[in-house]
Amino acid sequence: FLGVVLLLIFYLESVRLRHVKLAVICLLSMITISIVPFQEPLTNAVYFVNVGQGDCTIIKNKNKTVMIDTGGYKNFDMAEETLIPFMNKKKITHIDALILTHDDFDHSGAKDSLIANFKVKNLLTKKEQFPYKVGDLYIENLNKYSFDTSNDNSLVLSLSFVNKRFLFMGDASSEVENKLMNDYNVDCDILKIGHHGSKYSTCEKFIKATSPEEAIISVGAQNYYGHPADTVLENLKKYNVKIRRTDIEGTICYFSLVA
């Protein structure tokens, strides 16, 4: 864009008028593409959005969009300040399904503002609403058990997409992990680490069973809780799992072009 502007100025100053028309056409075309949601049907992507000490994942399948958790921060509106600007930048015009893994504020705090300010078609919060299908996305919930705590009742979501299998652990603890290992094949390519890397989640046996290539830790920089725990990081390194953190990388993306 900047290159075209500089060429246009150069042509005008050098009186090369026959080139000005072409430069103007290129400039207007680029402006049009930047305004219209032209890219929406062309990409499949999974964005682990940097929401600080919280969770938010946006999954984009052509013109379909699913959001898992919203993040939440009490000092500002996460939807208005972070989520909606991010979606506008990515040419996302609506959310087909907003999934909340559980009610903790750092996972659901931006829900009301998001729904008030952005088009959200469906809200999914219950285990009975799964499996859920929209577009090419088929999302299963593996945590069908009943526990005493909100964290352990988190939805644990499985999705195969962009040639990878993702496992989203919410805030589930190792107690949930042990049940999942007994009842399911939990092998995955990308493991969204439970409870922001807390020492109460992501036990060594679970890392071995899931055998992920990469682990995503959604966490705030220098957070009060000391997440992620050293034991979790050490166990991931022991099994040669690549560690990716939103407090270090910012928003993390996996994508593929639509064939």
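It should be noted that the structure appears before, not after, this text.
The notes below deal with the structure included here. Here the structure is a predicted model, which is why all the values come from computation and not from measurement. (Residues numbered from 1 in each chain as written. Predicted model: local features only at pLDDT ≥ 70, side-chain atom pairs only at ≥ 80, totals over all residues. Heavy atoms only, no water.)

### Digging into the overall build of the chain
Applicable threshold: Each helix corresponds to a stretch of at least 4 residues labelled H or I by DSSP, and each strand to a stretch of at least 2 residues labelled E; elements are numbered beginning at the N terminus. A simple rule labels every residue: compare its accessible area, found with a 1.4 Å probe on the protein chains alone, to the largest value its type can have, and call it buried under 20%, exposed over 50%, or partly exposed in between. Residue contacts follow a heavy-atom distance rule, with two residues in contact if any of their heavy atoms lie within 4.5 Å. Accessible surface is estimated by sampling points in the Shrake-Rupley manner with a 1.4 Å probe; for residues, cover comes only from the protein chains shown.
Within the chain one finds nine helices and 13 strands. Within the span of the chain, comprising 259 residues, buried residues form 51% of the whole. Contacts spanning at least 24 positions in sequence make up 63% of the contacts within the chain whose residues lie at least 6 apart. Taken as a whole, the chain presents about 13,200 Å² of accessible surface, with 53% of it coming from carbon and sulfur.

### Some words on the pattern of salt bridges
What counts is decided by this rule: We define a salt bridge as a side-chain nitrogen of Lys or Arg found within 4 Å of a carboxyl oxygen belonging to Asp or Glu.
Inspection of every chain in the model, using the stated rule, returns eight salt bridges. For the salt bridge of lysine 62 with aspartate 136, the shortest nitrogen-to-oxygen distance reads 3.5 Å. Of this pair, lysine 62 sits in the loop between β2 (57–61) and β3 (64–68) while aspartate 136 sits in the loop between β6 (132–134) and β7 (137–141), and the two are 74 residues apart along the sequence. Relative accessible area serves as the criterion here: at 48%, aspartate 136 is assigned to the partly exposed category. For arginine 244, the salt bridge is made with glutamate 214, and the minimal N-O distance between the two is 3.5 Å. Of this pair, arginine 244 sits in strand β12 (residues 242–245) while glutamate 214 sits in strand β11 (residues 214–217), placing them 30 residues apart in sequence. Residues arginine 244 and glutamate 214 agree in their burial class; the two are buried.

### Brief notes about the sheet that holds strand β9 (residues 164–168)
Where we set the bar: Being paired, for any two strands, means DSSP has found at least two bridges between them. Every angle, taken between N-to-C directions, lies between 0 and 180 degrees, and every axis is a line fitted to C-alpha atoms, over only the stretch in contact when it is a helix.
The mixed open sheet is built from seven strands, whose spatial order is β6-β7-β8-β9-β10-β11-β12. Looking at strand neighbours, the two that pair on one side only are β6 and β12, the edges of this open sheet. With strand direction ignored, the average angle separating the axes of adjacent strands in the sheet is 20 degrees. As judged from the three bridges shared by strand β10 (residues 190–192) and β11, these two strands associate in the parallel manner. The partner of leucine 191 across the bridge, within β11, is alanine 215. Across the sheet, helix α8 (residues 230–238) lies against β11 and β12, angled at about 140 degrees from β12, the strand it touches most.

### Regarding the sheet that holds β2
Strand order across the open sheet formed by six strands is β5-β4-β3-β2-β1-β13, with mixed pairing between neighbours. The open sheet has two edge strands, β5 (123–124) and β13 (252–257), and neither has a second partner.

### Focus: the layout of surface pockets
Gaps between atoms show up when a probe of the same size as a water molecule is rolled over them. What counts, and what does not: A pocket here means an open set of points on a 1 Å grid, computed over the protein atoms alone, that has protein on both sides within 12 Å along at least five of seven lines. A cavity is instead a set of points where a 1.4 Å probe fits but cannot get out; residues with an atom within 4 Å of a point line either one. Grid points are joined across faces, edges and corners, and a volume is the space filled by probe spheres set on the points. Think of it as three bins: nonpolar holds Ala, Val, Leu, Ile, Met, Phe, Trp, Tyr, Cys and Pro, charged holds Asp, Glu, Lys and Arg, and polar takes everything else, Gly as well.
Estimated volume of the largest pocket: approximately 220 Å³. As for the largest pocket, its lining consists of Gln53, Gly72, Tyr73, Asp104, Phe105, Asp106, Asp171, His195, His196, Tyr225 and His227. Split into classes, the residues belonging to the lining of the largest pocket amount to three nonpolar, five polar and three charged.

### As for the packing of aromatic side chains
Test applied: Only Phe, Tyr and Trp rings take part, Trp by its six-membered ring, and two of them pair if their centres are within 6.5 Å. Stacked means planes under 30 degrees apart, edge-to-face means over 60, and tilted covers everything else.
Scanning the entire structure with this criterion turns up nine aromatic pairs. The interplanar angle of 75 degrees and the centroid separation of 6.2 Å between the aromatic rings of tyrosine 145 and phenylalanine 147 together place this pair among those described as edge-to-face. For the pair tyrosine 145 and phenylalanine 147, one class covers both residues: buried. Centroid distance phenylalanine 166 to phenylalanine 168: 6.0 Å. Interplanar angle 15 degrees. Geometry classified as stacked. The same class applies to phenylalanine 166 and to phenylalanine 168, which are both buried. Among the aromatic residues, those joined into a cluster by ring pairs are Phe48, Phe166, Phe168 and Tyr254.

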